[in-house]
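Chain by chain, the residues run as shown.
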Amino acid sequence: MAVHVSARARAVRAVLALGLAAPLLTGCFEEPSPHEAVRDFLLGWQSGDYAAAARRADGDPATVRRALEDVRLQLDAASIRFSIKDIAHDGDDGRADFHAEVDLGENNPLWQYDGLLPLHLVGGEWKVRWSPSVIHPDLHAGQRLAVATVPVGRKPILDRDGNPLQDETPLQVAGVKPAKIKDPGRLCEELSRVTGFAQDRLLGRILSSPPQDFVALATFGRNKYQQIKDKLAAIPGLEIVTDNPPVAPKSPVQIVGRVTAITAEAEQQLGGPQRAGDTIGRDGLQRAYQDQLTGSTETRIVILDSKTWQQVKELKAWPGRQNTEVRTTIDSRMQSAGDDAVRGSRPAALVAVQASTGEILAVSTSELNQEKDALAGKFAPGTAFSIIAAHGLLKGGLDPEQKVPCSADRTVGGARFQQPGILGLVAPSFQTDFAQGCVTALASLARRINGPALASSAAEFGIGTGWRLPLRSFSGSVPGAGDDAAVAKVIAGQSARVSPLSMALVAAAVDSGTWRPPVLVLSPEQPVTTSEPSARPAPGPVALDATVTGRLRTLMRAGVSSGSAHAATAPGGTVYGVASQVTQTDKKQRRTLSWFVGWQGDVAVAVMAESGDPGTAATMAGSFFRDSNVQP
């Protein structure tokens with residue numbers, strides 16, 4: 001038999017539970033008072049000393065012992081605790097009212113009920129008049145208790161149009177119908193040996209379930225099942241059924257997340273409400289919304305006919321927590337276009353957002369992780385960061401037509417900047433420098449803006465703010481810039497760090513005129529994690545200066561029409577954007593990054609690719625715009 005709690009531990013808890021009553025029972029009354037009989041019976045039942053309890057009942061001792069022990073097994077109870085409410089007697093008859101608290105374990109509810117012990121004198125000694133109703137007032141001969149559970153299938157994660165972002169995948173569920181099992185103890189011993197699930201927990205589920213119900217004991221994915229299927233087939237009475245839950249993620253796979261069957265190790269770590277037979281999200285939204293997608297199991301305490309197994313009465317029911325679908329902002333058509341755009345032999349990431357809302361429409365990567373890199377990566381943006389620098393410069397009065405020399409090499413405050421492809425000194429306008437991404441010209445403007453002004457513009461575009469998403473993300477960072485060299489490095493996008501998501505939001509802000517925090521899940525709203533470790537309130541929309549934003553749009557249109565982002569041109573609405581190339585060195589790893597940041601219609605994108613060709617990211621953006629068929 002399965003024993004969940006040691007007799008010693010139960011006895012200690014029993015003394016604590018009944019200890020307040022004990023002095024009253026032993027100090028104020030003597031036999032033939034019924035108080036000691038009541039105390040001994042309930043204390044023995046509570047602590048698992050069923051022989052001691054049986055000595056205080058008038059029934060056959062073996063019958064009483066077995067009945068009390070069966071109650072714990074039939075309820076798979078972690079503990080049963082009693083308190084005495086009232087004891088009364090008149091002559092040779094009496095009664096005791098008690099309150100019971102049954103811990104059903106595995107994060108199941110606490111079942112509480114009131115019971116009655118009928119008492120009478122037998123040979124000068126008080127005894128409990130034995131019948132099944134001693135256990136519960138509604139329990140009678142030929143009946144038993146059981147815990148009926150109603151498992152609920154995992155809900156799907158949906159795109160913005162309500163289409164599932166998972167395909168069905170077969171899982172193998174091992175379980176039993178208790179009525180067909182001759183030796184449940186042996187079955188659980190063998191299943192535990194094969195799977196690692198705790199034998200006593202498996203046995204408890206079998207013995208407490210309605211005997212005619214199928215009881216799921218363990219679930220296996222394809223690979224695990226293939227490894228152990230022969231061993232499972234050798235266990236007498238074990239049944240294998242196939243379930244096809246919607247758990248195989250579609251694109252964006254790492255955002256949606258993977259689902260696996262709960263392992264023995266995971267079951268012990270989680271405790272509840274998950275249990276063997278359930279599924280668990282390993283990463284992505286499947287993990288973040290595990291509780292919402294799975295809910296909790298409906299639990300009912302019922303009385304069954306011991307012969308027919310038919311339900312006689314329901315004693316208590318807990319509906320459990322309702323599970324719910326998770327609706328995301330992902331646009332499956334644009335997600336497909338993004339996947340096609342970045343597909344290839346080089347690392348790349350593309351994030352698209354709806355400019356008017358901040359809703360994330362697509363997260364596509366090649367050889368990069370969609371969450372760790374596209375949402376939470378920390379990359380140097382190069383002169384794509386000049387969008388933010390230009391915002392500060394324009395607010396400070398810079399004329400876009402001002403002549404700013406673009407040279408092959410320039411030193412600002414001791415920091416050296418080089419512009420490939422420039423053979424001599426040319427003096428184009430700031431607009432042309434911006435459109436071409438001339439790093440030497442842009443860095444030379446360090447004396448026109450200081451560090452605090454740059455930081456202020458960055459904050460208006462959400463850089464470094466504590467936005468909230470259910471997955472890890474990075475809003476960007478701008479280091480303090482106290483001298484011309486430091487300011488120049490920020491303008492050139494060499495010292496700042498951003499994620500593709502944060503830059504997509506920058507483009508969206510210029511497009512719409514308002515910076516908005518990102519949104520990935522439309523419902524339910526929780527849970528969330530912050531993009532920064534601080535507990536600051538989530539930021540709201542930030543309206544940008546309309547005049548400055550209008551000039552920024554002109555600059556970014558020039559980036560595509562006559563600048564280095566020309567490869568992003570696509571049919572349909574006008575495309576705006578800038579392209580850049582930057583070399584980033586982290587932990588002695590050197591890589592060259594190509595960027596495009598811009599928009600078409602209401603769709604803003606940031607594309608980053610490892611490439612020596614500065615036009616690679618813009619080419620990917622153009623492909624995305626064409627395949628997405630973005631409307632003006």
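In the block above lies the structure referred to throughout.
Numbering of residues begins from 1 in every chain and follows the order in which that chain's sequence is written. With pLDDT at 70 or above as the cut-off, local features in this predicted model cover only qualifying residues; side-chain atom pairs require 80 or more to be listed or tallied, and sums for whole chains, interfaces and linings still use all residues. In computing side-chain properties, one takes all heavy atoms of the structure into account and sets aside hydrogens as well as water.

(A) Spotlight on the packing of aromatic side chains. Think of it this way: a Phe, Tyr or Trp ring, Trp meaning its six-membered ring, pairs with another when their centres are within 6.5 Å, and the plane angle makes it stacked under 30 degrees, edge-to-face over 60, tilted otherwise. Here the structure, examined in full by the defined rule, presents ten aromatic pairs. Between phenylalanine 82 and phenylalanine 98, the aromatic rings sit 5.6 Å apart at their centres with planes inclined by 80°, giving edge-to-face as the arrangement. With phenylalanine 82 in strand β1 (residues 79–90) and phenylalanine 98 in strand β2 (residues 93–103), this residue pair connects regions lying 16 residues apart in the sequence. Using a relative accessible area of 1% as the deciding quantity, one classes phenylalanine 98 as buried. Look at tryptophan 111 and tyrosine 113: their rings are 4.7 Å apart centre to centre, the planes differ by 35°, and that puts the pair in the tilted class. One exposure class covers both tryptophan 111 and tyrosine 113, and it is buried. An aromatic cluster is built from Phe41, Trp45, Phe82 and Phe98, whose rings are joined through pairwise contacts. Numbering of helices and strands runs from the N terminus; a helix is a DSSP stretch of H or I covering at least four residues, while a strand is a stretch of E covering at least two. Exposure is judged per residue with a 1.4 Å probe applied to protein chains only, and the accessible area is read against the type maximum: over 50% gives exposed, under 20% gives buried, and values in between give partly exposed.

(B) Looking closely at the packing of helix α20 (residues 500–512) against helix α21 (residues 546–561). Helix axes are fitted only over the stretch in contact, all axes being lines through C-alpha atoms; the angle between N-to-C directions runs from 0 to 180 degrees. Between α20 and α21, the least distance of the axes is 8 Å, while the angle of their chain directions is 115°. Here α20 runs over α21; the crossing is left-handed. Touching Ala509, Val510, Asp511 and Ser512 of α20 are Thr549, Leu552, Arg553 and Met556, all from α21. For this classification, the nonpolar set comprises Ala, Val, Leu, Ile, Met, Phe, Trp, Tyr, Cys and Pro, the charged set comprises Asp, Glu, Lys and Arg, and every other residue, Gly included, is treated as polar. Looking at the contact of α20 with α21 residue by residue, the classes come out as four nonpolar, two polar and two charged. Handedness of a helix crossing follows the sense of rotation of the near helix relative to the far helix, less than a right angle counterclockwise being left-handed and clockwise being right-handed. It only takes one pair of heavy atoms within 4.5 Å for two residues to be counted as in contact.

(C) View of helix α3 (residues 35–47). One less than the residue count of a helix, multiplied by 1.5 Å, gives the span that helix is expected to have. The end-to-end C-alpha separation of α3 is 18 Å, in line with the 18 Å expected for 13 residues at 1.5 Å each. The buried fraction of α3 amounts to ten of the 13 residues, a majority that puts the element mostly inside the structure. If you check which residues of α3 are buried, you get His35, Ala37, Val38, Arg39, Phe41, Leu42, Gly44, Trp45, Gln46 and Ser47. Backbone geometry just downstream of α3 places glycine 48 in the positive-phi region, at approximately 90°.

(D) Expanded view of the side chain of serine 499. Relative to the helices and strands, serine 499 resides in the loop between α19 (484–491) and α20. With residues up to four places along the chain from it excluded, the contact list for serine 499 reads Ala374, Leu375, Ala376, Gly377, Phe474 and Trp595.

(E) Inspection of the pattern of salt bridges at higher detail. The salt bridge criterion pairs a side-chain nitrogen of Lys or Arg with a carboxyl oxygen of Asp or Glu, the two atoms within 4 Å. Taken as a whole, this structure holds 20 salt bridges when the rule is applied. Ionic pairing is found between glutamate 610 and arginine 591, a salt bridge with its closest N-O pair at 3.0 Å. Pair noted here: glutamate 610 is in strand β28 (residues 603–610) and arginine 591 is in strand β27 (residues 589–600), with a separation of 19 residues, a long-range link. Residue glutamate 610 is classed as partly exposed on the basis of its relative accessible area, which comes to 23%.

(F) The sheet that holds strand β5 (residues 143–150), seen in detail. Read from one edge to the other, the open sheet built from three strands follows the order β5-β14-β15, with strand pairing classed as antiparallel. Two strands bound the open sheet, and with one partner strand each, they are β5 and β15 (311–318). Averaged over neighbouring strand pairs, the angle between their axes works out to 25° when direction is ignored. The sheet contact formed by β5 and strand β14 (residues 298–305) spans eight bridges and is antiparallel. Only strands joined by at least two bridges in the DSSP assignment are considered to pair.

(G) Looking closely at the nonpolar core. Only buried residues count toward a nonpolar core. Its members are Ala, Val, Leu, Ile, Met, Phe, Trp, Tyr and Cys residues joined through side-chain atoms within 4.5 Å. Formed by 86 residues in total, the largest nonpolar core has its most connected members in Val353, Phe430, Leu501, Leu520, Trp595 and Val597. At nine residues, α20 tops the list of elements feeding residues into this core. Residue contacts for phenylalanine 430: discarding those within four places in its chain leaves Ala390, Leu393, Leu398, Asp399, Pro400, Gln402, Val404, Leu442, Leu445 and Leu555. Ala67, Phe82, Val102 and Trp111 belong to the second-largest nonpolar core, a separate cluster that totals 39 residues.

(H) Inspection of the environment of glycine 482 at higher detail. Within the secondary structure, glycine 482 is located in the loop between β21 (468–469) and α19. As for glycine 482 and proline 452, which are separated by 30 residues in sequence, their C-alpha atoms are 8.7 Å apart.

(I) Structural context of the pairing of strand β20 (residues 415–418). Because side chains alternate across β20, one face comprises the buried residues Ala415 and Phe417, and the other comprises Arg416 and Gln418, none of which is buried. Sheet topology note: the strand β19 (residues 409–412)/β20 ladder contains four bridges and is antiparallel. Directly across from valine 412, in β20, lies its bridge partner alanine 415. Taken together, β19 and the strand that follows it, β20, pair antiparallel across an intervening segment of two residues, in which glycine 413 is found at a positive phi of about 60°.

(J) Looking closely at helix α22 (residues 616–628). Taking 1.5 Å of rise per residue, the 13 residues of α22 would be expected to cover 18 Å, and the 18 Å separating its terminal C-alpha atoms lies within 8% of that figure. Every buried residue belonging to α22 is among Thr616, Ala617, Ala618, Met620, Ala621, Gly622, Ser623, Phe624, Phe625 and Ser628, and all of these are buried. Looking at the buried residues of α22, the elements they touch are α13 (332–342), β17 (348–354), β26 (575–586), β27 and β28. Where α22 terminates, the next one or two residues include asparagine 629, which has phi positive at roughly 55°.

(K) Focus on the packing of helix α15 (residues 386–395) against α21. Remark: α15 packs on α21, axes separated minimally by 10 Å, with the N-to-C direction vectors making an angle of 135°. Taken together, the axes of α15 and α21 lie oblique to each other. The way α15 lies across α21 gives a crossing that is right-handed. From α15, Ile387, Ala390, His391, Leu394 and Lys395 reach across to α21, where they touch Val548, Arg551, Leu552, Leu555 and Met556. Oblique is the label for any angle not under 35 degrees, not over 145, and not in the 65 to 115 range, which are roughly parallel, roughly antiparallel and roughly perpendicular in turn.

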